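Architecture and fold: a report
Chain residues, written in single-letter form:
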Amino acid sequence: MIKLGFYVLGAVLLLACGGDDTSSGAPSTPSSETGRAKTKTAQKPTNPAQQLALYLNKFQFYNGRRASQFEAHHYCSTLSEDLTQCVIFDGNGANAKLMGVEYVISERLFKTLPDDEKKLWHSYRYNVKSGMLVAPGLSPKAEHDLMSTLVTRYGKTWQLWHTDQDSSLPFGGPALVMDFTRDGQIDPGLLQTRDKRLKVSTAEKRQLRSDILGRPPVSGADAWQNGPGIQLPALTRRNYPHLQK
């Protein structure tokens, strides 16, 4: 079953780039290039960037500061049946800023992690079941198959450029980011704005995914729910209230 899910995930990587453009929250940086030639991408990816073909749209928050929420645009590729890697942008338009990375692993692999490592990871179950995690550009069936695989996955996300706080440059150090785990945690206005822009319905997707059962998250994940939020020590004197409890 795990292997089948892996092949489903791999199959959609070449199908899933879509959705209306979202402008970056940060101003564009002038480029030395005056123009870019439009080239046709080869069917077989020839570099790592071309592998990042799966587009996932979701919401996250800074660990220990659930009120600091933001929309995240993930572009992902599969490394193995147990591991997917994603780069995260603050939009899906041409001027979007690269703001973080996420690694997504299978439940089998998560169970092998030491306890102190598990605290850094979040479960995907609620994101899938709630309908908040979407894959714009996929057909309803392909998205449903993908979500059936992701429902038992775990992710570790590091935010490198806090574009919702500093729009000019990636100041400071990386921040650990988490996913939501139950109803009532996300700002409904944030969700409604996303749904309207991407022309999706979270409520409808939630209903369509009612047959995706998944399993309760493995103990150790989503540690922010039962303890203090984990963050790296400050690397500069710059004040970051969004990371303070």
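Please refer to the structure placed before this passage.
Residues numbered from 1 in each chain as written. Predicted model: local features only at pLDDT ≥ 70, side-chain atom pairs only at ≥ 80, totals over all residues. Heavy atoms only, no water.

Structural notes on the state of the cysteines
Evaluation of the coordinates by the stated rule reveals one disulfide. Cys76 shares a disulfide with Cys86; S-S distance 2.1 Å. Handedness of the Cys76-Cys86 disulfide follows from its S-S torsion of about 105°: it is right-handed. Of this pair, Cys76 sits in strand β2 (residues 65-80) while Cys86 sits in strand β3 (residues 83-89), and the two are 10 residues apart along the sequence. The residues Cys76 and Cys86 share a single accessibility class, namely buried. (Disulfide = S-S within 2.5 Å. Helix = DSSP H or I, 4+ residues; strand = E, 2+ residues; numbered from the N terminus. Buried < 20%, exposed > 50% of the residue type's maximum accessible area, 1.4 Å probe, protein only.)

Section: the nonpolar core
With 19 residues, the main nonpolar core has Ile105, Phe110, Trp121, Met132, Tyr154, Phe180 and Ile186 as its most contacted residues. Looking at this core, the elements with two or more residues in it are β1 (54-62), β6 (154-159) and β7 (175-178). When residues no more than four places from it in sequence are discounted, the contact partners of Met132 are Asn57, Lys58, Tyr126, Asn127, Phe180, Ile186, Leu191, Arg194, Thr202 and Arg209. Counting 16 residues, the second largest nonpolar core, distinct from the first, contains Leu54, Cys76, Met147 and Leu150. (Core = buried A, V, L, I, M, F, W, Y, C linked by side-chain atoms within 4.5 Å. Contact = heavy atoms within 4.5 Å.)

Comments concerning the packing of aromatic side chains
Describing an aromatic ring pair means giving the distance of the ring centres and the angle of the ring planes. Evaluation of the coordinates by the stated rule reveals six aromatic pairs. For the pair Phe110 and Tyr154, a centre-to-centre distance of 4.2 Å together with 10° between the ring planes defines the contact as stacked. Within this pair, whereas Phe110 is found in helix α3 (residues 107-110), its partner Tyr154 is found in strand β6, the two being separated by 44 residues in sequence. The exposure class of Tyr154 is buried, given its relative accessible area of 2%. (Phe/Tyr/Trp six-rings, centres within 6.5 Å; stacked < 30°, edge-to-face > 60°.)

Some details on helix α6 (residues 140-150)
Among all positions in α6, only Ala142, Glu143, Leu146, Met147, Thr149 and Leu150 are buried. Viewed along the axis of α6, the buried residues span an arc of 155°, placing them on a single side of the element. Turned more than 90 degrees away from the buried face of α6 sit Pro140 and Lys141, all of them exposed. (Arc of directions from axis to C-beta.)

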